[in-house]
Amino acid sequence: MGWNSWNKFQCDVNEEIIRRMADAMATNGMKDAGYQYINIDDCWHGQRDAQGFIHADPQKFPSGIRALADYVHSKGLKLGIYTDVGDKTCGGRPGSRGHEYQDAYTYAQWGVDYLKCDWCNNDNLNPIGAYTTMHDALLATGRPIVFSICEWGVNKPWLWAKGIGNSWRTTTDIAPCFDGIVDHKTWQQFCVLRIIDAQKPLRQYAGPGHWNDPDMLEVGNGMSQNEDRAHFSMWCMLAAPLISGNDLQDMSPDTLNILVNKDVIAVDQDPLGIEGFVYFTNNAVEIWFKPLDHGDWAMCALNRGTDPQSISFDWKNEKVMDDLSSHNADFASIIYSLRNLWTKQDVGDTSQPLNAEIPGHDVLMLRLQKKM
Ligand code: GLA
């Protein structure tokens, strides 16, 4: 859980912004809710020196990354940085190709705790080889550094990246929109639903320490409150990394309330680390279930459409079986209490049918707990 500069600031990043985001995270409730990493994305780089060592852009980061890491650490937070397997990043800055060990060493010296490694200008490198080299380089530093593979899912990293990275991007970049794509002609960005759909066949590949990454959050970056809530809820149902991507010093109370909802975050951070799945679909509504620790379940009814949808769910006729994890819930024989994770109200139990109306592009999210 953390924050990353890209979705809001793109290449306009500097040490002042990074310090302000660390200040905000440490004091606005996000740190208490579990957010930890402050990640600088592309465009922090200056040049390599005569010995090949990379330096930060002296205009944007005049104090250097080491001082910034010290500052972020002084807030009880951790610092992330960004590179690329190619010789240039997506933003045209120096990439790590041929400098993997030297760069990993530099990051460790600076006190970096997290590395995102991109796939631009890869020059047809073998992705397994390229990311293994950077993995080995990080390991050789002796410093624990989370390794986030950003290969956009093109070479099916879920099949090979466990043991190389701690997470791997599964798709192209997210955009702050709920439905559809953003077409840039040479490349596309996906809106929230498109990304969710791409995760459906991938749940078997993720687990603690090796996660599918459906990309950073767009909460607070322009979608409606309903859409932000649905986006955040579904990332939690997917046990996804929760990397916020908005301006943490300039957000509405509604945005902050979404980002720090501890009940919803607990679904994401559940120790079992099992991704949710679609139990059934009715018109525009998908009913997702996610097995949780101690026999609990999360249920999330996602209204993909723009019109409100009524749902009626008679629990006693339902039996949720997860073949992958062998967790089952037979509502005919076991009664669960229900808590609405967004209204934070207890809403009865599974002995009574559930009737609800879900606004367009919104969710109903419940936690189920076995009754004694
Ligand atoms: C790629 C990545 C993004 C971001 C940019 C930076 O598009 O997928 O997440 O890091 O590069 O240039």
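Shown above is the structure to which this text applies.
Quick caveat, the model's predicted, so the values are computed rather than measured.

Colleague: Please set out the pattern of salt bridges residue by residue, giving values where relevant.
Modeller: One side chain can pair with another of opposite charge once the charged atoms of both are near each other. Taken as a whole and assessed by the stated rule, the structure comprises 21 salt bridges. Among the ionic pairs, K75 bridges to D23, the shortest N-O distance being 3.4 Å. Residue K75 is located in the loop between α4 (64–74) and β5 (78–84), and its partner D23 is located in helix α2 (residues 15–27); the two are separated by 52 residues in the primary sequence. Of the residues examined, K75 reaches a relative accessible area of 27% and is grouped as partly exposed. Across the pair K116 and D41 runs a salt bridge, and its minimum N-O distance is 2.7 Å. Residue K116 is found in strand β6 (residues 114–118), and its partner D41 is found in the loop between β2 (37–39) and β3 (45–48); the two are separated by 75 residues along the sequence. Take K116: its relative accessible area is 8%, and that puts it in the buried class. When salt bridges with common partners are traced through the structure, they connect D197, K200, E286 and R304 into a single cluster.

Colleague: Tell me about unusual backbone geometry, residues and numbers included.
Modeller: For A239, which is not glycine, the phi dihedral falls at a positive 50°. Within the secondary structure, A239 sits in the loop between α8 (225–237) and β12 (243–244). Residue classification places A239 among the buried residues on the basis of a relative accessible area of 4%.

Colleague: Lay out empty space enclosed by the protein with the relevant residues and their values.
Modeller: A complete count under the given rule lists one cavity of 30 Å³ or more for this structure. In this structure, the largest cavity spans a volume of roughly 90 Å³. Among the residues forming the lining of the largest cavity, the class breakdown is five nonpolar, three polar and four charged.

Colleague: So, the site of the ligand: which residues are in play, and what are the values?
Modeller: Lining the immediate surroundings of the ligand are 13 residues, of which D41, D42, K116, D118 and D173 lie closest. Within the contact set of the ligand, an oxygen atom lies 2.6 Å away from a side-chain nitrogen or oxygen of D41. In the model, an oxygen atom of the ligand is placed 2.5 Å from a nitrogen or oxygen of the D173 side chain. Burial of the ligand by the surrounding chains reaches 93%, relative to a free accessible area of 310 Å². Its residues placed into classes, the shell around the ligand shows six nonpolar, one polar and six charged.

Colleague: Give me the packing of aromatic side chains: which residues, what numbers.
Modeller: Taken as a whole and assessed by the stated rule, the structure comprises 19 aromatic pairs. Their ring planes at 65° and their centres at 5.3 Å tell us that F331 and Y336 sit as a pair that is edge-to-face. Exposure remark for F331: the relative accessible area of 2% places this residue in the buried category. When its relative accessible area of 1% is taken as the criterion, Y336 is described as buried. An aromatic cluster is built from Y279, F280, F289, W297, F313, W315, F331 and Y336, whose rings are joined through pairwise contacts. Directly above the aromatic system of Y71 lies the positively charged group of R19, at a separation of 5.6 Å from the ring centroid.

Colleague: Tell me about helix α7 (residues 192–199), residues and numbers included.
Modeller: Among the residues of α7, those classed as buried are V192, L193, I195, I196 and Q199. Relative to the axis of α7, the buried residues are bounded by an arc of 160° and lie together on one face.

Colleague: Now, about the pairing of strand β19 (residues 336–340): what can you tell me, with residues and values included?
Modeller: Only one face of β19 is covered, namely the one carrying Y336, L338 and N340; the face carrying S337 and R339 has none of its residues buried. The pairing of β19 with strand β22 (residues 363–370) spans five bridges and is antiparallel. From the neighbouring strand, L338 faces β22, where its bridge partner is L368. With three bridges connecting them, β19 and strand β20 (residues 345–349) associate as antiparallel partners.

Colleague: Describe in detail α8, supporting the description with residues and values.
Modeller: Compared with the 18 Å implied by 1.5 Å per residue over 13 residues, the 18 Å span of α8 between its first and last C-alpha is a close match. Among the 13 residues that make up α8, eleven are buried, leaving the element largely enclosed by the rest of the structure. By the burial criterion, the buried members of α8 are E227, D228, R229, A230, H231, F232, S233, M234, W235, C236 and M237. Contact partners of the buried residues in α8: α7, α9 (253–259), α10 (262–268), β14 (285–291), β15 (297–303) and β22. Downstream of α8 by a residue or two, A239 has a phi angle that is positive, lying close to 50°.

The rules behind these values
- Residues numbered from 1 in each chain as written.
- Predicted model: local features only at pLDDT ≥ 70, side-chain atom pairs only at ≥ 80, totals over all residues.
- Heavy atoms only, no water.
- Salt bridge = Lys/Arg side-chain N within 4 Å of Asp/Glu carboxyl O.
- Helix = DSSP H or I, 4+ residues; strand = E, 2+ residues; numbered from the N terminus.
- Buried < 20%, exposed > 50% of the residue type's maximum accessible area, 1.4 Å probe, protein only.
- 1 Å grid on protein atoms, 1.4 Å probe; cavity = no way out; pocket = protein on both sides within 12 Å on 5 of 7 lines; lining within 4 Å.
- Points joined across faces, edges and corners; volume = space filled by probe spheres on them.
- Nonpolar A, V, L, I, M, F, W, Y, C, P; charged D, E, K, R; others polar.
- Near = heavy atom within 4 Å.
- Polar contact = N/O pair within 3.5 Å; in protein donor to acceptor, adjacent residues only side chain to side chain.
- Areas by Shrake-Rupley, 256 points an atom, 1.4 Å probe, with all protein chains shown as cover.
- Phe/Tyr/Trp six-rings, centres within 6.5 Å; stacked < 30°, edge-to-face > 60°.
- Lys NZ or Arg CZ within 6 Å of the ring centre and 35° of its normal.
- Arc of directions from axis to C-beta.
- Pairing = 2+ DSSP bridges.
- Expected span 1.5 Å × (residues − 1).
- Contact = heavy atoms within 4.5 Å.

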